[in-house]
Amino acid sequence: NNPTFVGMIFLTSYILIYVNITHFLIIPLRFLNLWKLEKIIVSIILILVIFTISFGILNFKPAVFTAKGDFIYWLPKVKPMIRILIGLTSAILGLGFVISFFIAGKKSGENKVLIRSIILGGGMLALVTAAVVNYLAGATPSPIFLLLGSMFSVLSALLFLAGVLY
């Protein structure tokens, strides 16, 4: 019940989001031996993290508790630009993962590896869709966007599991 604390949690969560999406792209880049591209991308992400956190600290506002019927939600009070930046970064890096996984699967020459790469790439595509829904379309608390984002997140987890077990 402390809006300032919840707002700080939202702000620090952006670091974890960037770390997560960076690692999703680093894995296939290493499969493809694209070390220089990896260093460039990690450097750009580091700059985005510093920008996002600095901008968030300078424009910090406590989170807002929202209740609409049975729907209870803490709304982060961040500038839309931050949500858009995270959503676009997630989408671009996620699509980079999908493309590089497809390329790595195709390069392997093995049908089983290609199918596994397609399934894992599909999982990332579902996760990218969840990010777009949550950070771009779901910038305001709306049960439909939260439901769609959750559904795509679950779909991505199932596809990742299927790809790993294939």
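Above: the structure in question.
Predicted model, so just to flag it, every value in this text is computed and none were measured.

## Looking at the overall build of the protein
Here is step 1 of the chain: On a plain count of helices and strands, the protein comes out with 5 helices and 2 strands.
Here is step 2 of the chain: Written out in order from the N terminus, the α and β elements of the protein read α-α-β-β-α-α-α.
Here is step 3 of the chain: In terms of its C-alpha atoms, the protein occupies a principal-axis envelope of roughly 55 × 35 × 20 Å.
Here is step 4 of the chain: Here the protein holds 166 residues, and 36% of them are scored as buried.
Here is step 5 of the chain: Taking as baseline every contact in the protein between residues at least 6 positions apart, the subset at least 24 positions apart corresponds to 71%.

## Points about a nonpolar patch on the surface
Here is step 1 of the chain: On the surface, Ile 84, Leu 88, Ile 92, Val 132 and Leu 136 cluster together to form a nonpolar patch covering roughly 400 Å² of accessible area.
Here is step 2 of the chain: Broken down by secondary-structure element, the contributors of at least two residues to the nonpolar patch are α3 (80-108) and α4 (111-137).
Here is step 3 of the chain: The dominant element in the nonpolar patch, judged by the number of residues it contributes, is α3, at 3 residues.
Here is step 4 of the chain: Turning to its location among the elements, Leu 88 is positioned in helix α3.

## Some points on the packing of aromatic side chains
The geometry of an aromatic ring pair is captured by two quantities: the separation of the ring centres and the angle between the planes.
Here is step 1 of the chain: Within the structure shown, the criterion is met by 3 aromatic pairs.
Here is step 2 of the chain: Look at Phe 51 and Phe 55: their rings are 5.7 Å apart centre to centre, the planes differ by 25°, and that puts the pair in the stacked class. Residue Phe 51 and its partner Phe 55 are both found in helix α2 (residues 35-58); the two are separated by 4 residues, about one turn of the helix.
Here is step 3 of the chain: On the basis of relative accessibility, which here comes to 22%, the residue Phe 55 falls in the partly exposed class.
Here is step 4 of the chain: Summarising the aromatic geometry, the rings of Phe 65 and Trp 74 are spaced 5.4 Å apart at their centres and angled 70° between planes, so their arrangement reads as edge-to-face.
Here is step 5 of the chain: A cation over a ring is seen here: Lys 112 above Tyr 166, with NZ or CZ 5.8 Å from the ring centre.

## Things to note about empty space enclosed by the protein
The probe, sized like a water molecule, is rolled over the atoms to show the empty space still left.
Here is step 1 of the chain: Taken as a whole and judged by the stated rule, the model has 1 cavity of 30 Å³ or more.
Here is step 2 of the chain: Looking at the largest cavity, its volume works out to about 120 Å³.
Here is step 3 of the chain: Around the largest cavity, the lining comprises 15 residues; the ones closest to its centre are Gly 56, Phe 60, Lys 61, Lys 77 and Val 78.
Here is step 4 of the chain: Elements that contribute at least two residues to the lining of the largest cavity include exactly α1 (3-31) and α2.
Here is step 5 of the chain: With 4 residues, α1 is the largest single contributor of residues to the lining of the largest cavity.
Here is step 6 of the chain: The residue makeup of the lining of the largest cavity, split by class, is 9 nonpolar, 3 polar and 3 charged.

## Regarding α2
It helps to recall that an α-helix has 3.6 residues per turn; residues three or four apart then point in one direction.
Here is step 1 of the chain: Its 24 residues give α2 an end-to-end C-alpha distance of 35 Å, which sits within 8% of 34 Å, the value for a rise of 1.5 Å per residue.
Here is step 2 of the chain: For α2, the set of buried residues is Glu 38, Ile 41, Ile 45, Leu 48, Val 49, Thr 52, Ile 53 and Gly 56.

About the criteria used
- Residues numbered from 1 in each chain as written.
- Predicted model: local features only at pLDDT ≥ 70, side-chain atom pairs only at ≥ 80, totals over all residues.
- Heavy atoms only, no water.
- Helix = DSSP H or I, 4+ residues; strand = E, 2+ residues; numbered from the N terminus.
- Buried < 20%, exposed > 50% of the residue type's maximum accessible area, 1.4 Å probe, protein only.
- Contact = heavy atoms within 4.5 Å.
- Patch = residues over 30% accessible without salt bridge, like charges linked within 9 Å, V, L, I, M, F, W, Y side chains within 5 Å.
- Areas by Shrake-Rupley, 256 points an atom, 1.4 Å probe, with all protein chains shown as cover.
- Salt bridge = Lys/Arg side-chain N within 4 Å of Asp/Glu carboxyl O.
- Phe/Tyr/Trp six-rings, centres within 6.5 Å; stacked < 30°, edge-to-face > 60°.
- Lys NZ or Arg CZ within 6 Å of the ring centre and 35° of its normal.
- 1 Å grid on protein atoms, 1.4 Å probe; cavity = no way out; pocket = protein on both sides within 12 Å on 5 of 7 lines; lining within 4 Å.
- Points joined across faces, edges and corners; volume = space filled by probe spheres on them.
- Nonpolar A, V, L, I, M, F, W, Y, C, P; charged D, E, K, R; others polar.
- Expected span 1.5 Å × (residues − 1).

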